[in-house]
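# Reading the structure
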Amino acid sequence: MGRGGPAAFLDTAFTGVAVAVLVTGAAVAAASGPWALAGVLLAAQVALGWAWVRALGASPGTTVLVAGSALAGDLAVLWPFGGRDGGHGYDDNGIGTVAGVVGVSLAVTVLYQLGRRVHAGAAAPATAATQAAAGSGRVAPAAERVSRDMAAALGGVTVAGFLTGFLVLRAEAGADHAPDTMVIAGLLGAGTAVLVGRVALAFLEHAAATLPDTPRLRLGALVAALLGAAAGAGAGAIFGALTELGAPVAVALAGAGAVAAACAVPAGPAPLAGSGLSARLAVVAAALLGVLLPLALAAPMVYLVGRQLPG
C-alpha cells in the first residue's frame, strides 16, 4: 500500500489529475479517429514501458525494446489503412495482429537477452568458476542484469501491448455500436474506478496511518477497489443514458474497464527513500505505474466486451 497521512492525499491528487488528463485526452482522440488515439496511446505506452523497466531496475535499453514493440503493434492495427475511419474491417480480427506483433517482440527479446547472457558468461568464465567452486551459489552480476532485463522486457512488452486494445476497438469498422463511444465508455469506467478507488484508499490510509499493516488494512484496499469498480459502472450508466450508446451497453463496457482497473487501485507512489536523482526517478516511475497500469489492465477487457456485444 502507499503512504499514510497527508502524503496519501498528495499521491491521490497527482493520480487524480493525471488520470483525468489522460482519460480526457484519450476520449477526445478516440472521437477524432484511430490515428489520433494511436498517438495518445503510444505516449502512454512509452511512459508505461519506462516506468515498468525503471521499477524493476532493468537497463535503460530495455525501454527501447518495449517502446519499439508498442509502436509496431499500433501500426499493425492501423495497416492497411482501409475500412471506416482508416481502420480495419470488423471481421479482420485486429487483436490477432497485435498478438502476432507481441509474439515476435517476445521472441526477439528472448534471443537478444540470451545472446547477452552467453556473451557475459564467455567474458568472465574464471569468475563464474570461482563462485561455483566456492559454493556461494550466487549468479554472476552480469548474468543477474541480463535476467532482470529479460523479465522487465517480457513483462513490459506484454503490459504496454494491453493498451492497444483500446485502439483495436476504435479502429475496427462494422460493429453494431459506434467504436468511438465504446472506447470512451471503457475509458470513463476505468478512469472513474481509479479516481474513486484511490480517494477511498487515501482516506483509509489516513485513518490507519498509525496502525501496522494488518489484514484489516489489506481488506480496506479491497473495499476501495470495490467502490471504484461500482463507481466506474455507474459512470458508464450516466454516459450511456446521455449518448446513443445506451445505458446497458455503456454499463457493460465501463464495468469491464472498471473491474479490471480496480485490481490495480492500490498501486501508487512508493515512499521516497533518500533524496538523490535515482530515488526521485523511482517515485516518478511508481507514480506513472499507479496511473497507467490500471488503464492497461482495463483495455483488453473493454475490447473483449465490446467485441461480443450484441446489436
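All of these numbers come straight from a predicted model, not from anything done at the bench.

## Some thoughts on the overall build of the protein chain
Scanning the protein chain from terminus to terminus reveals eleven helices and zero strands. Taking all 311 residues of the protein chain together, the buried fraction comes to 46%. Considering only intrachain contacts with a sequence separation of at least 6, the fraction spanning at least 24 residues in the protein chain is 80%. Of the roughly 13,700 Å² that the protein chain leaves accessible, carbon and sulfur atoms contribute 73%.

## Some thoughts on the nonpolar core
Membership of the largest hydrophobic core comes to 59 residues, with the highest contact counts inside it found for Leu37, Phe166, Leu245 and Leu253. For this core, the element with the highest residue contribution is helix 11 (residues 277-308), accounting for eleven residues. Filtering out sequence-adjacent residues up to four positions away, Leu245 remains in contact with His177, Thr181, Met182, Ala185, Phe239, Gly240, Ala250 and Leu253.

## Some points on the packing of helix 2 (residues 34-55) against helix 7 (residues 164-171)
The contact between helix 2 and helix 7 brings their axes to 9 Å, and the two run at 175°. Overall, the two elements helix 2 and helix 7 adopt an arrangement that is roughly antiparallel. Listed contacts from helix 7 to Pro34, Leu37, Ala38, Leu41 and Gln45 of helix 2 are Thr164, Phe166, Leu167, Arg170 and Ala171. A per-class count over the contact of helix 2 with helix 7 returns seven nonpolar, two polar and one charged.

## Concerning the environment of Ala160
Tracing the chain through its elements places Ala160 in helix 6 (residues 141-162). According to the relative accessible area criterion, Ala160 is buried, its value standing at 1%. The spacing of Ala160 and Val46 is 114 residues in sequence and 7.8 Å in space, taken between C-alpha atoms. Residues in contact with Ala160, not counting those within four places in the same chain, are Gln45, Leu48 and Val66.

## What to know about the confidence of the model for the protein chain
For the protein chain, per-residue confidence averages 80 on the pLDDT scale, and residues scoring 70 or more make up 75% of the total. In the model, residues 128-137 has pLDDT below 50 throughout and makes six contacts with residues more than four positions away in sequence or in other chains.

Reading guide: rules and limits
Residues numbered from 1 in each chain as written. Predicted model: local features only at pLDDT ≥ 70, side-chain atom pairs only at ≥ 80, totals over all residues. Heavy atoms only, no water. Helix = DSSP H or I, 4+ residues; strand = E, 2+ residues; numbered from the N terminus. Buried < 20%, exposed > 50% of the residue type's maximum accessible area, 1.4 Å probe, protein only. Contact = heavy atoms within 4.5 Å. Areas by Shrake-Rupley, 256 points an atom, 1.4 Å probe, with all protein chains shown as cover. Core = buried A, V, L, I, M, F, W, Y, C linked by side-chain atoms within 4.5 Å. Axes fitted to C-alpha atoms, helices over the stretch in contact; angles between N-to-C directions. Parallel < 35°, antiparallel > 145°, perpendicular 65-115°, else oblique. Nonpolar A, V, L, I, M, F, W, Y, C, P; charged D, E, K, R; others polar. pLDDT = per-residue confidence, 0-100.

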